[in-house]
Structures are given as structure tokens and as C-alpha cells.
Amino acid sequence: MPGKPTKILRAMTWKHDRGLAPLLATTQRFSEQHPEVGIEWEARSLQEFGESGVKVLADHFDLAVIDHPFMGEVAREQCFLPLDEHFTAAQLEEVKHDSVGPSYLSYSFEGHQWALPIDAAAQVAGYRADLLQNAGFRPPQTWEDVEEMARLRRGFVSLALFPLDALICFFSICANLGEPPFTASAEVVAKDVGEMALERLRFLAEQSVEEALSLNPIAMWERMSSSDEIAYCPLAFGYSNYSRNGYRPKLLSFCATPSSGRGPLGSTLGGTGLAISTKCEHRDLALAYALWLAGKQCQQTLYVESGGQPASKTAWLDDSANRITNGYFRATLPVLENAWLRPRFVGFERFQVAAAEMVAEYLRTKSSSRNTLARLNELFGRTRPE
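In short, a report on the structure. Starting from 1, residues in each chain are numbered consecutively following that chain's sequence as written. pLDDT decides what is reported in this predicted model: residues at 70 or higher carry local features, side-chain atom pairs at 80 or more are listed and counted, and totals for whole chains, interfaces and linings draw on all residues regardless. Hydrogens and waters are ignored; side-chain quantities use all the structure's heavy atoms.

Pairs of aromatic rings are described using the distance from one ring centre to the other and the angle between the two planes. A pair of aromatic rings is counted whenever rings of Phe, Tyr or Trp (Trp by its six-membered ring) have centres within 6.5 Å, and the orientation is called stacked for planes under 30 degrees apart, edge-to-face for over 60 and tilted otherwise. The full count for this structure, using the stated rule, is 23 aromatic pairs. Plain terms: the ring middles of Trp-14 and Tyr-239 are 6.0 Å apart, the flat faces sit at 85 degrees to each other, and that makes the pair edge-to-face. Residue Trp-14 is found in strand β1 (residues 7–14), and its partner Tyr-239 is found in the loop between β8 (232–237) and β9 (253–255); the two are separated by 225 residues along the sequence. For Trp-14, a relative accessible area of 3% puts it in the buried group. Whether a charge lies above a ring is judged from NZ of Lys or CZ of Arg, which has to be within 6 Å of the ring centre and within 35 degrees of the ring normal. Sitting over the ring of Tyr-239, Arg-18 keeps its end group 4.3 Å from the ring centre. Secondary structure follows DSSP: runs of H or I at least 4 residues long count as helices, runs of E at least 2 residues long count as strands, and numbering of each begins at the N terminus. A 1.4 Å probe rolled over the protein chains alone gives each residue an accessible area, and that area as a share of the maximum for its type sets the label: buried under 20%, exposed over 50%, partly exposed in between.

This part takes up the state of the cysteines. Working definition: a disulfide is two cysteine sulfur atoms within 2.5 Å of each other. The tally for this structure, following the rule as stated, stands at zero disulfides. Not engaged in a disulfide, the cysteine Cys-79 finds its nearest cysteine sulfur in Cys-280; these two sulfurs lie 13 Å apart. Distance from the sulfur of Cys-174, which forms no disulfide, to the nearest cysteine sulfur (Cys-169) is 11 Å. By relative accessible area, Cys-174 is classed as buried at 0%.

Spatial strand order, β2-β1-β3-β10-β6: five strands in an open sheet with mixed pairing. Two strands close off the open sheet at either side, each with one partner strand: β2 (37–44) and β6 (116–119). Averaged over all pairs of adjacent strands, the angle between their axes in this sheet comes to 25 degrees, without regard to strand direction. In this analysis, strands are considered paired if DSSP registers two or more bridges between them. Alignment of β1 against β2, held across eight bridges, turns out to be parallel. Note that in β2 the partner of Met-12 across the bridge is Glu-42. Fitted lines through C-alpha atoms give the axes, limited to the stretch in contact for helices. The angle between two N-to-C directions lies from 0 to 180 degrees.

Turning to the pairing of strand β10 (residues 272–276), a few remarks are in order. The buried fraction of β10 is high, at five of five residues. What you see with β10 is no split at all: Thr-272, Leu-274 and Ile-276 on one side and Gly-273 and Ala-275 on the other are buried throughout. Strand direction decides the pairing type here: β6 and β10, joined by three bridges, are antiparallel. Looking across to β10, one finds that Asp-119 is bridged to Thr-272.

Time to look at helix α5 (residues 89–98). Listed in full, the buried residues belonging to α5 are Leu-92, Val-95 and Asp-98. Mapping the buried residues of α5 onto a view down its axis gives an arc of 140 degrees, with all of them on the same face. Residues of α5 that are exposed and point more than 90 degrees away from the buried face comprise Ala-89, Ala-90 and His-97. By the convention used here, residues are in contact when the closest approach between their heavy atoms is within 4.5 Å. In this structure, the buried residues of α5 make contact with β6, α11 (283–294), α12 (296–305) and α13 (313–316). Directions drawn from the helix axis to the C-beta atoms are what define this arc.

Next up on the list: the sheet that holds β8. Strand order in this open sheet of three strands is β8-β7-β9, and the pairing throughout is antiparallel. Two strands in the sheet have a free side with no partner beyond their single neighbour: β8 and β9. The sheet shows a mean angle of 35 degrees between the axes of neighbouring strands, direction not considered. Against the sheet, helix α8 (residues 163–176) makes contact with β7 (123–127) and β8, and its axis sits at roughly 100 degrees relative to β8, the strand it touches most. Sheet contacts for helix α15 (residues 328–337): β7 and β9; angle to β9, the most-contacted strand, approximately 30 degrees.

What follows is the structure, encoded as C-alpha cells:
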């Protein structure tokens, strides 16, 4: 019998089958090849995951699954390894060339690569094919189609509008209208586009289930896959788990987001990357695990088979990956390839938190879209880099 591992890597990810299960499976496989190493994963809730400061993570964990909006903070703190100084250019180019949309580039900041993409996501549309068919609808192609379908009854079309998700929906709608946020240095978005996006968001909030303002994407997909109340969600970060047979009582289908006439453009990019702390004692093992985990061979087999949502385009186009997810990856790939990348400057995370509360207040009250957009622009003026 093999002995106990003598080299332990402490690692942190987020608490969902998509975030934890593939890492446990790959850890077991990696340890079979490297019996001397053990990787101990800790999983935190999405809120804890998003609120963890990068330096705190790097101080307590050897490996950390992180979001790309933190890259400005990572570059400032220098608490994770610049991976371009530890991998060859050819190794990184292979990961970059195979990554979905801007996933790889999202972890590149100020001349360094701070993480390898292991999970790719963007806001996509999710629906219950049976409920749409029974009501005589197909997945909407345009926002006008969405608004028409939303009038069928309250909750038939719903958004997940937990404050941060409401803000990200606002970003995506703006980008889909043809003006990605933060294109101009002095404002979040121009007046006409910003007000139109906010008013569209309010209309859909009024048509959504009553609890929509407290739902995040996981809660939305859980609700849609366990009850018949919600038939369609036009914008939420996609989770391929819910399109796998037997994962939940009701099967969900996913597709491109509605279009404002320009196709599946501007959906806000999500996903996660794997970073390595500068305090990691067993760097060689951590680097070896990270490169293998982000590689196409692992991503299109063990990673996706164990419930993961890979960042490898090879995996997204793989017949087997699409068979076990009822076509999730091919159906949503155009959205990922045309996704919008949020700013990553130091302070953007603080802007997101405050801006999310402003959008949430707008949806809860009768405040005007004009005043809300002015407040967002003023906040951005205080937080943007000089």
C-alpha cells in the first residue's frame, strides 16, 4: 500500500459541483501519478469566494481558484506567481490557443499571466424545453421576443437579480446594444444606451418571480430544474451541470442570449483560473498540476466527465462532452467567443460592489434610470484609475 503523502498543497475553490467535483477527481488522478503529493481542497460559498481578498488567499493557500476581475489587485500585491516566469512560452501559447473566448487573456495583466484558465463561462440563456413547447414558444432570438413572452404570466420569464448579477445583466445588455461599458474613460456607458438597458432590466424584473432580486444564477437554475414556475431565463452565468441527465429532476437546455440585432454579442465573461501562491513551498508540484489541469487532454476527459465546465475549446467542441451535456457546449460557444471582458484595474472590485447596490436600489424603488446612470457614472469617476 502506498504511504501517506509527504507534500501537502492547500487549495481553495468555490462551493458547487462545477467548482469542486472536477478538482477532487483531478487531484485523485494527479496523486496516483505523484504519490508524494496530496492536495487538500476547501470550498467556499459564492459570496465568500467573491469577497476573499487575494492576499488573504495567497497567505493561506498554495493554490487558489480566482476570478479575473481581481487581476489588478493580484498585480499590485504580487502575491501569486507570474506564470510566464515559470512556464515556457510554448507551454503558455498552447493553453492560450486552446482557450475559449477571452478566458486566457482575462488572467493576463500588466505584462504577466497570473492564472491559467480552468473553467469558462459567460451569461447565457437557459430554458425548460418542455414548458416552452407546451406554451407554444421557442427560445427567443431577440429582446423584443423576450418581452413578448414575459407578458404571458409573471415568472414565466425571470432573471436572477441578486445585486451583483443585476449589475452584470446591465453590463451585458449595454454591450449587446452595441456599447460595451467603460469604452469611454469618463463614464460607465453613454446616456441613451445606459438608460435603455436599465429600463429593459426593470421591465424584466417586474415580470420575474417575486424573489428574483435575491436569486443568483445557481439559485435560478436550481429553481428551474426542480419546479415548473420559470420557463426561461435570458441572462445568467451558464452551468452545464443542469443540462446533464439525472443531475436534477428537470432537465435544462441552454442557448445563446437574445440579440439586439448584432447576434450573441457582449455577454459578460465569467469563469475561473488557477493561481499559485508565492508562498507555496512545493512549487514544482503545484506548477505541474496547474499545467496538466488546464491542458486539453485533462479538460476534455476527466475534467468535464466529473462535472467541470472546462476552459479548453477542444473540450467545448468534443462530441463526448456535448453528448453528456445534451449539447450545452456547442450551443453556447458563440456566446463565449463573443463575450465582454470586465475591467480589471485596482479598485474595480470595489466599484462593482457599490454599483451593484445602486442597480439593486433602482430595481427595488421608483428611482429613474437617468438618476441611476448618473450615480453610476459619478461612482466610476471616483474609482477609475487616473
